[in-house]
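Architecture at a glance
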Amino acid sequence: MVELSFLSLALLVLLLGVIVPLGSMLATSLVDDASWRPILVPAFGVLGMSALLSTMLAMGTSPEQAAWLLRLVVALLLVAWLRRGGLGVSLSKGGPFVVWATAYYSLLVGAAAFPEGTFADLAGGTVRRMTGLPIDNLISYNFARYLTEGISPDALEVVPTWSATSRGPLAGTFTAVMWLILGIRETEHWLGTTPAPYFVYHCSLVFLNLLSAYAVWNFAEQIFGRRVALLSLFALSLNSFFFINLFFEWPKLFMTYLLFAGAAALSARGMGWKSALAAGICFGGSLLAHDMALLYLLPAVGVLGILLLRSYRDEIRSTASGRFVAHELRRCYLQPAAAFVLGFLALVLPWFVFKKAFAGPSDARLVYLHLFCLTADQIENLRFVDVVRQYLAANDAIAMLFTRLGNLWFPFDPWHSGVTVAELFRSPYQALAKIAHVSFFQLLHALSVPLCLLLALGVRNAPREQARTTLRRFLLVCVGALGIAAVSFACPQSTLNHVWAYPALLVGVLGAAYAVDRLGSWAGLVFACGVALNGVVFLYAFWLSEQVPVLLSAGSSYLNALALYGAIALGSILGGLCLPERAE
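Everything quoted here is computed from the prediction, not taken from an experiment.

Examined against the element boundaries, Gly-124 turns out to sit in helix 5 (residues 124–131). Measuring from C-alpha to C-alpha, the distance between Gly-124 and His-202 comes to 8.6 Å, with 78 residues separating the pair along the chain. When near neighbours in sequence (up to four residues on either side) are disregarded, Gly-124 contacts Asn-137, Thr-193 and Tyr-198.

Given below as structure tokens:
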């Protein structure tokens, strides 16, 4: 366990050393508002290093040559960053987040390495056995193998029945960066894993996903205050849905972080074309992290467009009418819009070119499954237009309407809550099992009913204009994403948490913590009940369920780690509640 802790923390330091120098320089260059730069540093670091490797390989550089070039670039950037006083630039705005993130990162890495809690135990098979989830966590892993071993995506499927383009490339590309810098590579057969490369992969993906909590911390502290930031971290700490999506290596929470980073760039004071360019890069990166970002990008761009049009209209009305003034105003808004589109396309277009070259049947299968509820054997050798006609001919308009209304309501359907309460009287164990299960399908249970209530009250009663406006815009984007999914997806109850709800979960936690900050002690009691409920489900899902024999075989070290982490989390919540409310 000591060996594992040392290696995981050493790798955490290396991850920061790889991304922070480049990310800090780019954030300083593109965003003039210093208050929002910290949240953008990891985004630019990861995107910049991944783009550098992709460019090298596209130019015909061998993986061995790319490894040496990457090490040279990292060394030069680190020296330049230190000469510019980089040690004075912190990724976080305070010690509490550093302590929390380090403890949580250690818990996540340690929990994956069982039964002995050693470096050699951490492998892909252990993660899949512990979570009971499918082989999706090897998609990014094998994509990294394409890059580091010079394997053509045409030669091997990334995992059985899936092509290399079925998921975004960013997590796999960044993993390849870390493998090449460290000089390691996978030597096991395809779909197999060995400890060293999988350890680096797991730690890297945990780190990337944990950046979503970093985004929550930054937004909460910047807009709502330190107390809300601490409460948000505490709520996330004991949320089983959040934990397993950090632990299981699909990059959906990393995608969520990039969406928040793009929103931060758009929130910068005096936003010009550079900040808009930064926002476009982050939004493009979110789409490369996971295709699910598209659900949120569409309403986000819609909200941004409305805000720009309103601002443009107000300025036109407040100035003397004239062709020169109107021309200047158009230039002020067209330049940022063009920069945003340029930044977005600079990342997305190369990926679409790659997809066109290596797309497989699984890509179309996902589209047909979501849009028409059809399996691969039902759409074989059919064009998209033919599938649309077939779907419309086979389904009644009223039935399609009710399916979509049901999908819109499904994430908040309280019926499952009633069933769970009924189960509680017959068997608490069965009730816990049901809650743990539905938390992966419904936002109502992933967030918890008390926190959903506080979120609604916080939006309704928030007296602080800037915070309320920001929270409502976030929620508008989240509701818009749900609306797009509900309208587009044809299968009943297809708006599942693991399909759409990641940004919505984090915004829900922010809103609930904000309600506590504004509504007083009774709201704090409701908040505590919601977090406690999530904590019970968390303990059931990972300690009291069928995983008990496996986890307890690791000995008391995990119990000690959990006790230590619980003390840190408890200290955070007590410290947050003791802080005075921020003055209006």
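A few words on the environment of Gln-222. Turning to its location among the elements, Gln-222 is positioned in helix 8 (residues 195–224). For Gln-222, a relative accessible area of 23% translates into the label partly exposed. It is 9.7 Å that separates the C-alpha atoms of Gln-222 and Ala-467, two residues lying 245 residues apart in sequence.

For the rest of this paragraph, the subject is the nonpolar core. Formed by 175 residues in total, the largest nonpolar core has its most connected members in Tyr-257 and Phe-527. Per element, the largest residue contribution to this core is 20 residues, and it comes from helix 8. By size, the runner-up hydrophobic cluster in this structure holds 7 residues, among which are Tyr-368, Phe-372, Val-387 and Ala-490.

A complete count under the given rule lists 3 cavities of 30 Å³ or more for this structure. Computed from the structure, the largest cavity encloses a volume of approximately 70 Å³. As for the largest cavity, its lining consists of Asp-136, Ile-139, Ser-140, Arg-167, Gly-168, Glu-249, Trp-250, Pro-251, Ala-289 and His-290. Here the lining of the largest cavity is built from residues that sort into 4 nonpolar, 3 polar and 3 charged.

Structurally, the position occupied by Thr-148 is in helix 6 (residues 137–149). According to the relative accessible area criterion, Thr-148 is buried, its value standing at 3%. In this view, Thr-148 contacts Pro-63, Ala-176, Trp-179, Leu-180 and Arg-185; residues no more than four positions away in its chain are not counted.

Okay, the side chain of Glu-221 next. By the element assignment, Glu-221 lies in helix 8. By relative accessible area, which is 15% here, Glu-221 ends up buried. A polar contact of 2.5 Å, which involves the side chain of Glu-221, links it to the side chain of Arg-226.

Turning our eyes to something else, we now look at helix 3 (residues 63–83). The first and last C-alpha atoms of helix 3 sit 30 Å apart over 21 residues, in line with the 30 Å expected at 1.5 Å per residue. Along helix 3, the positions that sit buried rather than exposed are Pro-63, Ala-66, Ala-67, Leu-70, Val-74, Leu-77 and Trp-81. For helix 3, the arc enclosing every buried residue in end-on projection is 105°, short of the 170-degree limit, so these residues lie on one face. Seen from the open side of helix 3, the exposed residues pointing more than 90 degrees away from its buried face are Trp-68, Leu-76 and Arg-83.

Here the structure, examined in full by the defined rule, presents 30 aromatic pairs. Between Phe-219 and Phe-474, the ring centres sit 5.2 Å apart and the planes meet at 85°, which makes this aromatic pair edge-to-face. Of this pair, Phe-219 sits in helix 8 while Phe-474 sits in helix 22 (residues 465–488), and the two are 255 residues apart along the sequence. Neither Phe-219 nor Phe-474 differs from the other in exposure class; each is buried. Counting every residue linked through ring pairs, the aromatic cluster contains Phe-97, Trp-100, Tyr-104, Tyr-214, Trp-217, Phe-242, Phe-243, Phe-247 and Phe-538. Lying across the ring of Trp-162, Arg-167 places its NZ or CZ 5.3 Å from the centre.

The subject of this paragraph is the pattern of salt bridges. Applying the stated criterion to the full structure yields 5 salt bridges. Here Arg-145 makes a salt bridge to Glu-149, at a shortest N to O gap of 2.7 Å. Taken together, the positions of Arg-145 and Glu-149, both in helix 6 and 4 residues apart, correspond to about one turn of that helix. Taking the relative accessible area as the measure of exposure, Arg-145 reaches 3% and is therefore buried. The partly exposed category is assigned to Glu-149, whose relative accessible area is 21%.

All right, on to a nonpolar patch on the surface then. On the surface, Ile-398, Leu-401, Phe-402, Leu-405 and Leu-408 cluster together into a nonpolar patch covering about 500 Å² of accessible area. Counting through the fold element by element, Leu-405 comes out in helix 17 (residues 397–409). We classify Leu-405 as partly exposed; its relative accessible area is 46%.

Further remarks concern helix 12 (residues 273–289). The terminal C-alpha atoms of helix 12, which comprises 17 residues, lie 24 Å apart, in line with the 24 Å expected from a rise of 1.5 Å per residue. Burial analysis of helix 12 places 15 of its 17 residues in the buried class, which makes it a mostly covered element.

This part is about the state of the cysteines. Going through the model one piece at a time under the given rule, you end up with 1 disulfide. In this model Cys-373 forms its disulfide with Cys-491; the gap between the sulfur atoms is 1.9 Å. Sign of the S-S torsion, about 110° for the bond between Cys-373 and Cys-491, identifies this disulfide as right-handed. On the criterion of sequence distance, the pair formed by Cys-373 in the loop between helix 15 (361–372) and helix 16 (384–394) and Cys-491 in the loop between helix 22 and helix 23 (497–500) is long-range, its members being 118 residues apart. A residue is classified by how much of its surface remains accessible, and Cys-373, at 33% relative accessible area, is partly exposed.

Okay, unusual backbone geometry next. Most of the time, phi is negative for any residue but glycine, and the peptide bond is trans. Unusually for a residue other than glycine, Ser-448 sits at a positive phi of about 90°. Inspection of the secondary structure puts Ser-448 in the loop between helix 20 (443–447) and helix 21 (449–461). On the basis of relative accessibility, which here comes to 1%, the residue Ser-448 falls in the buried class. At Gln-493, a position not held by glycine, the phi torsion is positive, near 55°. By the secondary structure assignment, Gln-493 is in the loop between helix 22 and helix 23. Gln-493 gets classed as partly exposed once you look at its relative accessible area, which sits at 49%.

The rules behind each value
- Residues numbered from 1 in each chain as written.
- Predicted model: local features only at pLDDT ≥ 70, side-chain atom pairs only at ≥ 80, totals over all residues.
- Heavy atoms only, no water.
- Helix = DSSP H or I, 4+ residues; strand = E, 2+ residues; numbered from the N terminus.
- Contact = heavy atoms within 4.5 Å.
- Buried < 20%, exposed > 50% of the residue type's maximum accessible area, 1.4 Å probe, protein only.
- Core = buried A, V, L, I, M, F, W, Y, C linked by side-chain atoms within 4.5 Å.
- 1 Å grid on protein atoms, 1.4 Å probe; cavity = no way out; pocket = protein on both sides within 12 Å on 5 of 7 lines; lining within 4 Å.
- Points joined across faces, edges and corners; volume = space filled by probe spheres on them.
- Nonpolar A, V, L, I, M, F, W, Y, C, P; charged D, E, K, R; others polar.
- Polar contact = N/O pair within 3.5 Å; in protein donor to acceptor, adjacent residues only side chain to side chain.
- Expected span 1.5 Å × (residues − 1).
- Arc of directions from axis to C-beta.
- Phe/Tyr/Trp six-rings, centres within 6.5 Å; stacked < 30°, edge-to-face > 60°.
- Lys NZ or Arg CZ within 6 Å of the ring centre and 35° of its normal.
- Salt bridge = Lys/Arg side-chain N within 4 Å of Asp/Glu carboxyl O.
- Patch = residues over 30% accessible without salt bridge, like charges linked within 9 Å, V, L, I, M, F, W, Y side chains within 5 Å.
- Areas by Shrake-Rupley, 256 points an atom, 1.4 Å probe, with all protein chains shown as cover.
- Disulfide = S-S within 2.5 Å.

These figures come from the coordinates and say nothing about function on their own.
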